[in-house]
Amino acid sequence: MDQFITVVGALNEGFWQTLKLFFFTLIGALPLGLVIAFGSMSKLAPLRWLCRALVWVFRGTPLMLQLLIIFFVPGYLLPGGTPWTGENGRFMASVVAFIINYACYFSEIYRGGIQGVPVGQQEAGQVLGMSKSQIFFKVTLLQMVKRIIPPMSNEIITLVKDTSIARIIALEELIFAGYSFLKGSHGYAGLLWPLFFTGVYYLLFNGILTLFFGWLEKKLSYFRV
Amino acid sequence: MAILEIKDMRKSFGKVAVLRGVDFTLEKGEVLVIIGSSGSGKTTLLRCLNFLESPDCGTFLFNGEELYAADKEYSDAEIREKRLHFGLVFQQFNLFPQYTVLKNITLAPDLREPNDKERHLETAKALLEKIGLSDRADAYPCQLSGGQQQRVAIARALAMEPDILCFDEPTSALDPELTGEVLKVIRSLKSSDSTMIVVTHEMAFARDVADKVIFMADGVIEECGTPEEVFGNPKSARLKAFLAKTE
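1. Quick notes on the overall build of chain B
In step 1: Along chain B, the regular secondary structure elements total 9 helices and 10 strands.
In step 2: Taking 18 Å as the expected radius of gyration for a compact globule of 247 residues, we find that chain B reaches 18 Å, a close match to that expectation.
In step 3: Here the C-alpha coordinates of chain B stretch approximately 50 × 45 × 35 Å along the principal axes.
In step 4: Sorting the 247 residues of chain B into buried and exposed places 56% on the buried side.

2. A short note on the environment of B:Asp110
Residues and elements named next belong to chain B.
In step 1: Structurally, the position occupied by aspartate 110 is in helix H3 (residues 101-112).
In step 2: What makes aspartate 110 buried here is its relative accessible area of 15%.
In step 3: On a C-alpha basis, the gap between aspartate 110 and aspartate 168 in space is 25 Å, while along the polypeptide they are 58 residues apart.

3. Considerations on the sheet that holds strand S4 (residues 57-62) of chain B
All names here are of chain B.
In step 1: Spatial ordering of the open sheet is given by S2-S1-S4-S5, a layout of 4 strands whose pairing is antiparallel. The open sheet has two edge strands, strand S2 (16-26) and strand S5 (65-69), and neither has a second partner. Averaged over all pairs of adjacent strands, the angle between their axes in this sheet comes to 20 degrees, without regard to strand direction.
In step 2: Where S4 meets S5, 4 bridges bridge the pair, whose relative direction is antiparallel. Bridge assignment links leucine 61 to a residue of S5, and that residue is glutamate 66.
In step 3: In the packing of helix H1 (residues 42-49) onto the sheet, contacts are made with strand S1 (4-13), S2 and S4, and the angle to S1 comes to roughly 115 degrees.

4. Details of the interface of chain B and chain A
In step 1: Residue-level contacts link 24 residues of chain B with 21 residues of chain A.
In step 2: At the boundary of chain B with chain A, total buried surface from both sides reaches about 2100 Å², with 61% on carbon and sulfur atoms.
In step 3: Of the charged contacts, one joins A:Lys132 and B:Asp76 as a salt bridge, the two residues approaching to 3.2 Å between their closest N and O atoms.
In step 4: Put simply, the parts of the chain that give the side of chain B that touches chain A at least two residues each are helix H2 (76-83), strand S6 (86-89), H3 and helix H5 (146-158) of chain B.

5. Examining the pattern of salt bridges
In step 1: This structure, assessed with the given rule, holds 17 salt bridges over all chains.
In step 2: The partner of A:Glu123 in a salt bridge is B:Arg47, with the nearest N and O atoms 2.7 Å apart. Residue A:Glu123 is located in helix H5 (residues 119-127), and its partner B:Arg47 is located in helix H1; the two belong to separate chains. By the burial criterion, A:Glu123 is buried, and B:Arg47 matches it.
In step 3: Within this structure, A:Arg59, A:Glu108 and A:Arg111 form a network of salt bridges that share partners.

6. Points about the sheet that holds strand S9 (residues 212-217) of chain B
All names here are of chain B.
In step 1: Reading across the sheet, the 6 strands line up as S6-S7-S8-S3-S9-S10 and stay open at both edges, with mixed pairing between neighbours. Since the sheet does not close on itself, it has two edges, and those belong to S6 and strand S10 (220-225), each with one partner. Taken over all neighbouring pairs, the strand axes of this sheet differ in orientation by 20 degrees on average, direction set aside.
In step 2: Note that S6 and strand S7 (residues 164-168) share 4 bridges and pair parallel.

Conventions adopted
- Residues numbered from 1 in each chain as written.
- Chains lettered and ligands numbered in written order.
- Predicted model: local features only at pLDDT ≥ 70, side-chain atom pairs only at ≥ 80, totals over all residues.
- Heavy atoms only, no water.
- Helix = DSSP H or I, 4+ residues; strand = E, 2+ residues; numbered from the N terminus.
- Rg over C-alpha atoms; globule rule 2.2 N^0.38 Å.
- Buried < 20%, exposed > 50% of the residue type's maximum accessible area, 1.4 Å probe, protein only.
- Pairing = 2+ DSSP bridges.
- Axes fitted to C-alpha atoms, helices over the stretch in contact; angles between N-to-C directions.
- Contact = heavy atoms within 4.5 Å.
- Buried area = accessible area lost by both parts, 1.4 Å probe.
- Salt bridge = Lys/Arg side-chain N within 4 Å of Asp/Glu carboxyl O.

As structure tokens, this is what we get:
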């Protein structure tokens, strides 16, 4: 019983890191993705190519590699040494890597959602004298949100599990915490079950997210697009 | 003086010349009906008038003053002002699906004059009364029939109080039994101070509602006149052939 309490306490701490990384990533990547989506649809060719190149690079290479580069490379390049020091530094580096990576995936989902709204909706707004931003916020946005809920819920659930990749730079997230009991920690070593037990955390949290997306979908079912 | 005068409007998409020099005038209170086969440029003409396409060449005079000239540059804000003279009812209605009937009508006026929301609400209710849909004010577009949606789209366009209201084949996307209710609403709008341009394939309606009829073919106005002249005494071979096909 003592063992169980010790393990759960450590896993809870790991899960807290996981949750923090998850929410900070969403807070940054949801709006940044929209900016990149607009950039990749821009009439300005250089901006469009820049955004598309960014998406290509961040979708085309492993997140684990991006994390390693973002964590280690500034230490070699910056005169003052790495800005990522201590546990907080690992966390910040992880947040930066995750935000950029996920913003790139989100941007493509947004782009699909925006381009999926019939052009007649935009034209109806135009002939009624609405400005471009009014048309986006009052006409397009909600229709886009409704269209992208299924792919976004997929991506967001993937993000929950991808947070475990931050273990590669020793961020003490959930899997890290579970694995520590195998290597030796809190006076225990060779324990395999805490690692397996982390699955329960992921499963429960993703269950909650699934319920949330189901609720959201139902909430927007009053209109058809 | 004519409320609208169009001079030498031309528009090409790539190598395809869709409008090849269109000229006409419209008096206040007149209903102009534009007929012609598909691809003759009718819809493009309406879209140019509503600034959804920019013509390659041509000028618009509004009450004798230049409103638009194709060789000048205008900012987005200027275009927004200019297009308020015109309203457009689309073939596919294009109601905003996430808003109720009432909100569809008040949205644009509210955005334009945020301090006048109560007046807009009153106007919207009066318009719904006029189109016979007062009881559907809180319905969403997906709960309405096509004919009802198109009537709401007409009310939405009217709420902006355009000087000239344009209809782009307003009944083409409707089942035949629903066209009557929409045509009835359009007919009811005809009055001394409402100026309308209607692109339609409904010849009986055109003959009945029009003050002036334009027959377009291959991007030019082939024939123009009163309904009696155009339908009763067509001169060009193409108009004769067109009318024979639509009889």
